[in-house]
Amino acid sequence: MTDAQTTPADPPTGRRGVVTDLPDGRRRLEFRRSWPDGPDAVWAAITEPDRLARWFGTYQGERAPGARGTLTMTHEAEPAAEAVVIAECDPPRRLVVEWPEQEGWRVELALAVESGRTTLHFVQHFAAGADVTDVALGWHWYLDKLDAVAGGRPAPGEWDAFLAEVGPDYGRAPEGTA
């Protein structure tokens, strides 16, 4: 990953996440992805249970602001269930999810139409000095899976193959390399 900057960078335009250091010391991870479909179709890929399960996992619980539920990430080696809170939900524009058990985890997903395409702006903040490399790689992999569901792009390979291909872009060598 390139060195973080002291001010927020321009929004990412490629597929790779961008990490910046904010003036208050926290770190910000951003991704942007876009599709030719309208916001309703992309929103459905993010929130409808059958489509969400194809790229990320399953959510059990009420689907409304303030609701608590259980998110099971089904594409992990061992699916992990975690308590989550829907902090904000404004279909089809904005979804904010918090993981109370993960200190400070808050993921913001915003959809907007830009140049005739629906753009997803993904943001997650971290504590000052946090190493976000593995988290950035994980979200990149999941967003590539979303691309396959929402935009018909090829799905990424299994984690080890993905890590070998994309890991060096984030400054992380694949397992077993020096």
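Position numbers for residues count from 1 along each chain, tracking the sequence in the order it is written. Local features in this predicted model are restricted to residues whose pLDDT is 70 or higher, and side-chain atom pairs enter the listing and the counts only when it is 80 or higher, whereas totals over whole chains, interfaces and linings include all residues. Values shown for side chains rest on all heavy atoms present in the structure; no hydrogens or waters enter the calculation.

Draft legend 1. Inspection of the environment of His140 at higher detail. Each helix is a run of H or I in the DSSP string that is no shorter than four residues. Each strand is a run of E no shorter than two, and both are numbered from the N terminus. With respect to the helices and strands, His140 occurs in helix α3 (residues 133-151). Along the primary structure His140 and Val166 are separated by 26 residues, whereas in three dimensions their C-alpha atoms are 8.9 Å apart.

Draft legend 2. Geometry of the sheet that holds strand β7 (residues 105-114). The strand order β1-β2-β8-β7-β6-β5-β4-β3 describes an open sheet built from eight strands, whose pairing is antiparallel. Here the strands that pair on one side only, and so sit at the sheet edges, are β1 (18-21) and β3 (57-61). Between one strand axis and the next, the sheet turns through 25° on average, direction left out of account. When checking whether two residues touch, look at their non-hydrogen atoms; a contact exists if any pair is within 4.5 Å. Structural elements are reduced to axes, namely lines fitted to C-alpha atoms, with helices fitted over the stretch in contact, and the angle between N-to-C directions of any two is expressed from 0 to 180 degrees. Of the strands in this sheet, β2 (27-35), β5 (80-90), β6 (94-99), β7 and β8 (117-126) touch helix α1 (residues 39-47), which is tilted by about 160° from β7. Packing of α3 onto the sheet brings it into contact with β2, β4 (68-73), β6, β7 and β8, and relative to β2 it is tilted by some 15°. We treat two strands as partners when DSSP finds at least two bridges between them.

Draft legend 3. Expanded view of the environment of Gly129. Position of Gly129 relative to the elements: it lies in the loop between β8 and α3. Linking Gly129 and Gly25, residues 104 residues apart in sequence, is a C-alpha distance of 7.4 Å. Leave out the neighbours within four places in its chain, and Gly129 touches Gly25 and Arg27.

Draft legend 4. Representation of the pattern of salt bridges within the structure. Salt bridge, as used here: a side-chain nitrogen of Lys or Arg that lies within 4 Å of a carboxyl oxygen of Asp or Glu. Enumeration over the complete set of coordinates arrives at 16 salt bridges. Measuring nitrogen to oxygen at the nearest pair gives 2.7 Å for the salt bridge that ties Glu88 to Arg94. Three labels apply to residues, based on accessible area from a 1.4 Å probe with only protein chains included: buried if under 20% of the type maximum, exposed if over 50%, partly exposed otherwise in between. The exposure class of Glu88 is partly exposed, given its relative accessible area of 30%. In this structure, Asp90 and Arg93 form a salt bridge, with 3.4 Å as the shortest nitrogen-oxygen distance. Residue class for Arg93 comes out partly exposed when judged on its relative accessible area of 45%.

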